[in-house]
Amino acid sequence: MAKPILDIVTKPYIIPIYQRNYNWGFDEITHLLQDIYESYHKDKTQDYFLGSLIVFKRQSASIYEVIDGQQRLTTLHIILSLLWKEINRIYPLAYDSRPEVVSFFINLRRQQIDFKASNQEISEANLINFLKAIDTILNTKLESDIESTLAIHNLIENDEIDSFIDYILHKVILVEVVMPEDTDVASYFEIMNNRGKQLEEHEIIKAQLMAKIKNAKQRHFFAKVWDACSEMNRPVQKFFTPDERLIVFGEEYDAIFPIKITQLAYQNDKDIASSILDIIKNPNQKLRNDVVAEHEDELDEDVTYTAIIDFNNFLIHVLKLVYPQVDIPLSSDQLLKIFKNIPHNVLDSVTPLEFVQKLLFYRVVFDRFIVKSTAGLENNDALDEEANGARWTLKRPVMRWQNRQKYAKYYRTLKFVNSFDEYNGNLPYQERIVKLLSMLQVTYRQRKNKNYLQYILSLFSPTNSSSLNINADEYLKKVEAFVLQQFEKLDIVDFLSSDLESNFTHENVYCKGTDTPHFIFNFIDYLLWVDQVWNQVDYGILPNFDFTYRNSVEHHFPQAQQDLLTTTDIDKNMILHCLGNLCLISKGANSKLNDRSAWDKATDPRYSNGTLTPKRKIMYSITQENKWNTKQIIEHYYEIVKVLSERNEILNINC
């Protein structure tokens, strides 16, 4: 039964011991809040369907055991415990054998927005994700637009939070499914988790497209290529045999000939499902072709990484490229809904086999021209620390002859090299391009709304495979031009003409504090790095720094020490919140540095010895030499204004 959240949270639920710990992170919580806010902002009278909640009523007590949906239910309880003034109207979530979580919710409900974790709560491993969730809820962007900085704390300041919470309570809908009393809950839970309770959206689309293909041989080719493309965390060439690679990727493995997929070997396999009806009629029927299994060869190079998007999001990008006449929103990740909204006459203008050929082409482009993470899971907060090493890779496949000694014979093997091997003098383009792409990725960190990814994919045409041969200089210029276009959209551009200290007034100074778009900080760091490494302008920065998912704006001169600012005629708030006093750091670092003096931050080796971002490094160096107060903040502000004003000259690699 469909129920508003208020009806859900005013019933008693318990999280059983067999359920895993709460593990929603930044992406899931941000996705949830942005989707709800988008619906709220568009029409406060419309319902927003959040999904299902599968429960079982315990016979021994009037309480409902949560079988599926505990992650979203827990997140809703955290949101309401933080922000709803009438929190005592709802039942607290109960937990089997997790007293530390029960205690956490008691404290959260009591303190609400003023919640501060105790030392014991901070040290509890089971509470780490709960504490991170609070920070994400309060600070993550509610709008996916890169220029927006709107967050929950803004709604609180603008007295809009009550209206938003009211929308969540009355217009956000969950479908509650109560299992029959004779259900073997443990067995059901195990089956559901082992098999998955429903098909992935891309699997449904695959089956619908395959149903249009009447020729069994073409269905085989379609399924093989689709399944290979769906494995986003491995190079697509890994899912083809050496003989198949020669046909589809050419003798050197570094080209792409999508039309040749029909020349691959055909194995008649009657067990492969070709439609949703096939799957429903025979649950044991395979949806995937076994030949998609990764081709393992002891001489092939092993490459592993984490792609910046999943296959569902990748398909949205491909749909937008293949059907340009349809307005396909990158801000949505509702793949199936997008696919269903494509008019039939438009969809039928491209045959399923033609579509999968284009899919393979764009997957090759993605592998070769988009960075991947090598440091672990995408957006993992544990990767925010400055001490981590390089975490981005950009590779292309190549064929290498290699001897298998026991057979005294040479074999074709799959190896991987840098996507770009050109140099500008003694400067490798590869390094700069990786810096540029990783800067974009940490700025557009969410899987949806990656406009930069759509732009890069659009640079290449499936009808012109030679477009893959773009040289490094041309590729760099095109992507940097995109970055400059994004920067020109920001209101900071209006503040770059003022360069005199006498003009340090509200009308002439960019001072947005924590509402400063993160893109600005990342772009500044990229410009400083390019200017030092490529133009030999010595800022004293560390050239080996990496862009990571730093997502917290730090006031170098702390707000709590505002009274110590040495000024008589300039607004102290303006000094504190101007770009000269700000840098971007990880949330973990922010919590450690909170309210410490600028001197402590810059001189304590625990905080200053890592591979700091360029802007932060400059600020620390200034502090170590001259302390950090009004004079230094204003001077650094104009230093950054100068860098931003000269952005076109700095990025001109041919000068």
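Bear in mind the structure is a predicted one, so any value in this text is a computation, not a measurement. (Residues numbered from 1 in each chain as written. Predicted model: local features only at pLDDT ≥ 70, side-chain atom pairs only at ≥ 80, totals over all residues. Heavy atoms only, no water.)

**Q** Talk me through the overall build of the protein chain; I want residue IDs and the actual numbers.
**A** Scanning the protein chain for helices and strands turns up 28 helices and 14 strands. Looking at the protein chain as a whole, 55% of its 655 residues qualify as buried. A separation threshold of at least 6 residues defines the contact pool for the protein chain, and within that pool the share at least 24 residues apart is 72%. (Helix = DSSP H or I, 4+ residues; strand = E, 2+ residues; numbered from the N terminus. Buried < 20%, exposed > 50% of the residue type's maximum accessible area, 1.4 Å probe, protein only. Contact = heavy atoms within 4.5 Å.)

**Q** Lay out the confidence of the model for the protein chain with the relevant residues and their values.
**A** On average, the protein chain scores 86 in pLDDT, and the residues at 70 or more come to 86%. Low pLDDT (under 50) marks residues 269-274, which in the prediction has 19 contacts with non-local residues, meaning those over four places away or in another chain. Contacts from residues 377-389, a stretch scored under 50 in pLDDT, to residues over four places away or in other chains number 40 contacts. (pLDDT = per-residue confidence, 0-100.)

**Q** So what's going on with the pattern of salt bridges? Residues and values would help.
**A** Tallied over the full model, the rule gives 23 salt bridges. Salt-bridge contacts for Asp162 lead to Lys85; the nearest nitrogen and oxygen are separated by 3.3 Å. Here Asp162 is found in helix α8 (residues 161-171), whereas its partner Lys85 is found in the loop between α3 (70-83) and β5 (94-95), with 77 residues between them in sequence. With its nearest N and O atoms 3.4 Å apart, the salt bridge here joins Glu244 to Lys224. Of this pair, Glu244 sits in helix α12 (residues 242-249) while Lys224 sits in helix α11 (residues 216-230), placing them 20 residues apart in sequence. (Salt bridge = Lys/Arg side-chain N within 4 Å of Asp/Glu carboxyl O.)

**Q** Residue-level account of helix α19 (residues 451-458), with values.
**A** For α19, every residue scored as buried is listed here: Tyr452, Leu453, Gln454, Ile456 and Leu457. Where α19 is buried, its residues meet α14 (311-322), α17 (352-369), α18 (429-443) and α20 (472-488).

**Q** Any chance you could break down the packing of α19 against α20 for me, citing the residues and the numbers?
**A** At a minimum axis distance of 11 Å, the contact between α19 and α20 shows a crossing angle of 145°. The two elements α19 and α20 cross, and the hand of that crossing is right-handed. Contacts between α19 and α20 involve Asn451, Tyr452, Tyr455 and Ile456 on the former and, on the latter, Tyr475, Lys478, Val479 and Phe482. In terms of residue class, the contact of α19 with α20 is built from six nonpolar, one polar and one charged. (Axes fitted to C-alpha atoms, helices over the stretch in contact; angles between N-to-C directions. Left-handed = near helix turned anticlockwise from the far one by under 90°. Nonpolar A, V, L, I, M, F, W, Y, C, P; charged D, E, K, R; others polar.)

**Q** Mind laying out the sheet that holds strand β2 (residues 13-15), listing which residues take part and the relevant values?
**A** Strand order in this open sheet of six strands is β1-β6-β3-β4-β2-β5, and the pairing throughout is mixed. Of all strands in the sheet, those bounded by a partner on one side alone are β1 (2-4) and β5. Inspection of the sheet shows strand β3 (residues 48-57) paired to strand β6 (residues 172-178) by seven bridges, in the parallel sense. Looking at β6, one finds that Leu53 is bridged to Glu176. Against the sheet, α3 touches β2, β3, β4 (64-68), β5 and β6, its axis set at about 110° to β3. (Pairing = 2+ DSSP bridges.)

**Q** Outline the packing of aromatic side chains, listing residues and values.
**A** Going through the model one piece at a time under the given rule, you end up with 34 aromatic pairs. When the centroid spacing of 4.9 Å and the interplanar angle of 70° are considered together, the rings of Phe545 and Phe547 count as edge-to-face. An identical accessibility class is assigned to Phe545 and Phe547; each is buried. A network of ring pairs unites the aromatic residues Phe222, Trp226, Phe311, Phe314, Tyr323, Phe355 and Phe366 as a single cluster. The ring centre of Tyr40 lies 4.6 Å from the NZ or CZ of Lys44, which sits over that ring. Here Arg432 stacks its cationic end above the ring of Trp534, 4.7 Å away from the centre of that ring. (Phe/Tyr/Trp six-rings, centres within 6.5 Å; stacked < 30°, edge-to-face > 60°. Lys NZ or Arg CZ within 6 Å of the ring centre and 35° of its normal.)

**Q** Could you give me a rundown of the pairing of strand β14 (residues 582-585), with the residues and numbers involved?
**A** The side-chain alternation of β14 yields two buried faces, one formed by Leu582 and Leu584 and the other by Cys583 and Ile585. One ladder, built from four bridges, connects strand β13 (residues 552-555) with β14; its direction is antiparallel. Within the sheet, the bridge partner assigned to His555 lies in β14 and is Leu582.

**Q** Would you mind going over the packing of helix α21 (residues 518-533) against helix α26 (residues 614-626) in detail, with residue names and values included?
**A** For any two helices packed against each other, the geometry comes down to the angle between their axes and how far apart the axes lie. Contact geometry of α21 with α26 gives a least axis separation of 8 Å together with a crossing angle of 75°. Classified by the angle between their axes, α21 and α26 sit roughly perpendicular to one another. In this structure, α21 contributes Phe521, Ile524, Asp525 and Leu528 to the contact, and α26 contributes Pro614, Lys615 and Ile618. For the contact of α21 with α26, the class distribution of residues is five nonpolar, no polar and two charged. (Parallel < 35°, antiparallel > 145°, perpendicular 65-115°, else oblique.)

**Q** Just give me the short version of unusual backbone geometry, but keep the residues and values in it.
**A** Of note, the phi angle at Tyr253 is positive, near 65°, even though the residue is not glycine. Tracing the backbone through its elements, the reader meets Tyr253 in the loop between α12 and α13 (276-281). On the basis of relative accessible area, Tyr253 is assigned to the buried category, the value being 0%. For Asn449, which is not glycine, the phi dihedral falls at a positive 65°. Position of Asn449 among the secondary structure elements: in the loop between α18 and α19. Classification of Asn449 as buried rests on a relative accessible area of 13%.

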